[in-house]
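Structure at a glance
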Amino acid sequence: EFFALDTNGCQGHVRRSYPDMQENLFLYKAQLEKDLAASTADCKIVFAHHPLFTKSRDHGTLGRCLRSEQYNFGPGLSNTAVGYGLEDTLATGGVTAYFSGHEHLFQVHKSRGVAHFVCGSSGAAPVSFYGGEDPACPMDWYDKRHTAFGFVVVTVSGSAKMVTVRIVDSRGNVLKTEEL
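Since the model is a prediction, treat every value here as computed from it, not as a measurement.

Now for the environment of valine 82. Within the secondary structure, valine 82 sits in strand 4 (residues 79-82). Assessed through its relative accessible area of 54%, valine 82 is described here as exposed. Along the chain, valine 82 and serine 68 lie 14 residues apart, while their C-alpha atoms are 8.2 Å from each other.

So, in structure tokens, the structure goes:
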């Protein structure tokens with residue numbers, strides 16, 4: 001079963017321009033929790049714009065905001081703010097995979113039983129981490145060459161018990177395959 005989540009409320013400039021978006025994200029998350037709990041699907045896939053995990057120095061703050069109930073930001077990560085706790089929602093809701101974009105570099109990370117795919121390399125330049133790479137952020141795999149424009153192919157078996165994800169560059173070369 002597929003689920004969509006509007007994560008725009010995690011961005012500081014969106015919060016400042018549209019203050020209700022911050023609170024709306026809590027409402028969207030609560031609805032996602034209800035929908036996941038009601039689902040009897042073997043495979044649950046969530047799509048959103050922003051990643052929970054990224055090696056990006058600047059966008060990493062958005063990931064921390066989304067995945068934790070409280071997160072650090074700013075110089076030296078010295079400031080603390082209320083986050084959304086979305087990682088708990090995905091893990092307790094039995095989510096198989098979370099697909100996002102926003103970051104212009106393919107990335108794959110597994111956390112708490114959920115496979116996270118960052119698929120923002122469909123053509124936006126440059127292919128890189130926004131604000132540079134954060135070496136402290138865990139990431140199971142990413143396009144270390146920083147050269148691949150491409151797309152992601154997701155295949156769900158007829159029984160929905162097997163999901164195959166292929167990250168493909170613009171020339172058709174498979175860069176990474178994950179079976180969930």
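With that settled, the discussion passes to the side chain of threonine 7. Inspection of the secondary structure assignment puts threonine 7 in the loop between strand 1 (2-5) and helix 1 (12-17). Engagement of the side chain of threonine 7 in a polar contact is seen with the side chain of histidine 50, the distance being 2.6 Å. Beyond its immediate stretch of four places on either side in the chain, threonine 7 contacts Leu25, Ala48, His49, His50, Leu66 and Tyr98.

This part takes up the state of the cysteines. What the rule picks out here adds up to zero disulfides. The structure places no disulfide on cysteine 43, whose sulfur is separated from the nearest cysteine sulfur, that of cysteine 119, by 14 Å. In this model cysteine 137 remains outside any disulfide bridge; the closest cysteine sulfur is found in cysteine 10, 15 Å from its own. Of the residues examined, cysteine 137 reaches a relative accessible area of 11% and is grouped as buried.

With that settled, consider helix 3 (residues 60-67). Judged by how many residues are buried, helix 3 sits mostly within the fold: seven of eight residues are covered. Taken together, the buried positions of helix 3 are Gly60, Leu62, Gly63, Arg64, Cys65, Leu66 and Arg67. Those residues of helix 3 that are buried lie in contact with helix 1, helix 2 (20-38), strand 3 (70-73), helix 4 (86-92) and strand 5 (97-100).

A few words on the environment of valine 163. As for its position among the elements, valine 163 is in strand 10 (residues 163-169). Through-space distance from the C-alpha of valine 163 to that of isoleucine 45 is 9.8 Å; in sequence the pair is 118 residues apart. Not counting residues within four places of it along the chain, the set of residues in contact with valine 163 comprises Cys43, Val154, Thr155, Val156, Glu178, Glu179 and Leu180.

Here the focus is the packing of aromatic side chains. The full count for this structure, using the stated rule, is six aromatic pairs. On the basis of an interplanar angle of 40° and a centroid distance of 5.8 Å, the ring pair of tyrosine 71 and phenylalanine 73 is categorised as tilted. Assessed through its relative accessible area of 9%, tyrosine 71 is described here as buried. When its relative accessible area of 29% is taken as the criterion, phenylalanine 73 is described as partly exposed. Of the aromatic side chains, those joined through ring pairs into one cluster are Phe2, Phe47, Phe99 and Phe117. If you follow lysine 144 out to its NZ or CZ, it ends over the ring of tyrosine 142, 4.6 Å from the centre.

Rules of the game
- Residues numbered from 1 in each chain as written.
- Predicted model: local features only at pLDDT ≥ 70, side-chain atom pairs only at ≥ 80, totals over all residues.
- Heavy atoms only, no water.
- Helix = DSSP H or I, 4+ residues; strand = E, 2+ residues; numbered from the N terminus.
- Buried < 20%, exposed > 50% of the residue type's maximum accessible area, 1.4 Å probe, protein only.
- Polar contact = N/O pair within 3.5 Å; in protein donor to acceptor, adjacent residues only side chain to side chain.
- Contact = heavy atoms within 4.5 Å.
- Disulfide = S-S within 2.5 Å.
- Phe/Tyr/Trp six-rings, centres within 6.5 Å; stacked < 30°, edge-to-face > 60°.
- Lys NZ or Arg CZ within 6 Å of the ring centre and 35° of its normal.

So yeah, pure geometry; function would need other evidence.
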